[in-house]
Amino acid sequence: MKQVDLFVNSVYQNTKGNKKEILEMKAEMRTHLLEAVYDLKQEGITEEEAVKIAISRFGEEKEIRTILGEMFKAQQVFAKWILYLSLAFLVLFLSVFGWLWQNAEEQSSQISNVATEIATVLENKTTITPEMIMAIENSIIKTDFITTVKIFDVRGVKEGEKPGDYSNVFEYVEEATPDYKFNQAVWSPEWLKPAFYPYGNGDDQWFVSMEQRVFSKVMTIILFVGVTIYWTLFTIWATINAYHQKRLNIAWIIIFALSNIFGFLVYYLVGKRKVMA
């Protein structure tokens, strides 16, 4: 009926959303209206009057349009916020992880430089003098991550001249008393789960052992939590999207959950192919 069609089209005139879903809702409303008109005509009411009564039962046109517009807008906003939140969490956690990673790389470079400075101080020296100690400690305190430094005189270890049966320098420094030791307090809050890794460097005369603070555990946690939150939110968004497009089933949910954005890309391409067909 022309009047019914005009009314349905006017209701959905400015409604934004998925076109396929809007067409399905328009068809559903038209069917209900035609059924109502048919029932009223069976009661002896004229077709024109039956159409007016059926339309009035669905409410005023403006009110229906407003409700539908708000409904679609709320759905769109909610879905968009889910997507934006997933991307925001991903960017945030990756940024923090990247900063910590860069800090770890700089720390690695710094400890190598400190080892070189200490080696230069010790070069061709037979004993460690107070002046050498001052130079060594100045190199160490410039950093904020080196906690312990031990220096061993390893001359004669390979030749077996040192007490004990050692096949290499590393076995010797594990048990021997250092010729020099320096401890430095560094910032290492327990909640950041700090770890302390050894760093060794030496030659035939001296071996320098250093312990450095690293935040490798918190880096792993940040990366895992960030990716997990992003993955979960993106899966929810993809599921909502599929639901609105009337294509949601358990298979797509599993694909979204396992392959995330790649799964949604497959979903999108499959849908596009069906439309083109």
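Residues numbered from 1 in each chain as written. Predicted model: local features only at pLDDT ≥ 70, side-chain atom pairs only at ≥ 80, totals over all residues. Heavy atoms only, no water.

Participant: Give me the lowdown on the packing of aromatic side chains, citing residues and values where you can.
Facilitator: Describing an aromatic ring pair means giving the distance of the ring centres and the angle of the ring planes. All chains considered together, the criterion is met by 14 aromatic pairs. Aromatic pair Trp81 and Tyr84: ring centres 6.4 Å apart, planes at 75 degrees, arrangement edge-to-face. Note that Trp81 and Tyr84 are positioned in helix α4 (residues 61-122) at a spacing of 3 residues, about one turn of the helix. The exposure class assigned to Tyr84 is partly exposed, which follows from its relative accessible area of 45%. Cluster of aromatic residues (ring-pair linked, three or more members): Tyr230, Phe234, Trp237, Trp252, Phe256, Phe264 and Tyr267. Arg155 extends its terminal NZ or CZ atom over the ring of Trp206, reaching a point 5.3 Å from the ring centre. Cation over ring: Arg247 sits above Tyr267, and NZ or CZ is 3.8 Å from the ring centre. (Phe/Tyr/Trp six-rings, centres within 6.5 Å; stacked < 30°, edge-to-face > 60°. Helix = DSSP H or I, 4+ residues; strand = E, 2+ residues; numbered from the N terminus. Buried < 20%, exposed > 50% of the residue type's maximum accessible area, 1.4 Å probe, protein only. Lys NZ or Arg CZ within 6 Å of the ring centre and 35° of its normal.)

Participant: Give a description of the packing of helix α2 (residues 19-42) against helix α3 (residues 47-57) that names residues and reports values.
Facilitator: Between two packed helices, what matters for the description is the angle formed by their axes and the separation of those axes. Running from N to C, α2 and α3 cross one another at 130 degrees; their axes reach a closest spacing of 8 Å. Comparing their axes, α3 and α2 come out oblique. In the packing of α2 onto α3, the handedness of the crossing is right-handed. For the pair formed by α2 and α3, the contact residues are Leu33, Ala36, Val37, Leu40 and Lys41 on the first element and Glu47, Ala50, Val51, Ile53, Ala54, Ile55 and Arg57 on the second. The residue makeup of the contact of α2 with α3, split by class, is 9 nonpolar, no polar and 3 charged. (Axes fitted to C-alpha atoms, helices over the stretch in contact; angles between N-to-C directions. Parallel < 35°, antiparallel > 145°, perpendicular 65-115°, else oblique. Left-handed = near helix turned anticlockwise from the far one by under 90°. Contact = heavy atoms within 4.5 Å. Nonpolar A, V, L, I, M, F, W, Y, C, P; charged D, E, K, R; others polar.)

In short, shape yes, function no, at least from these values alone.
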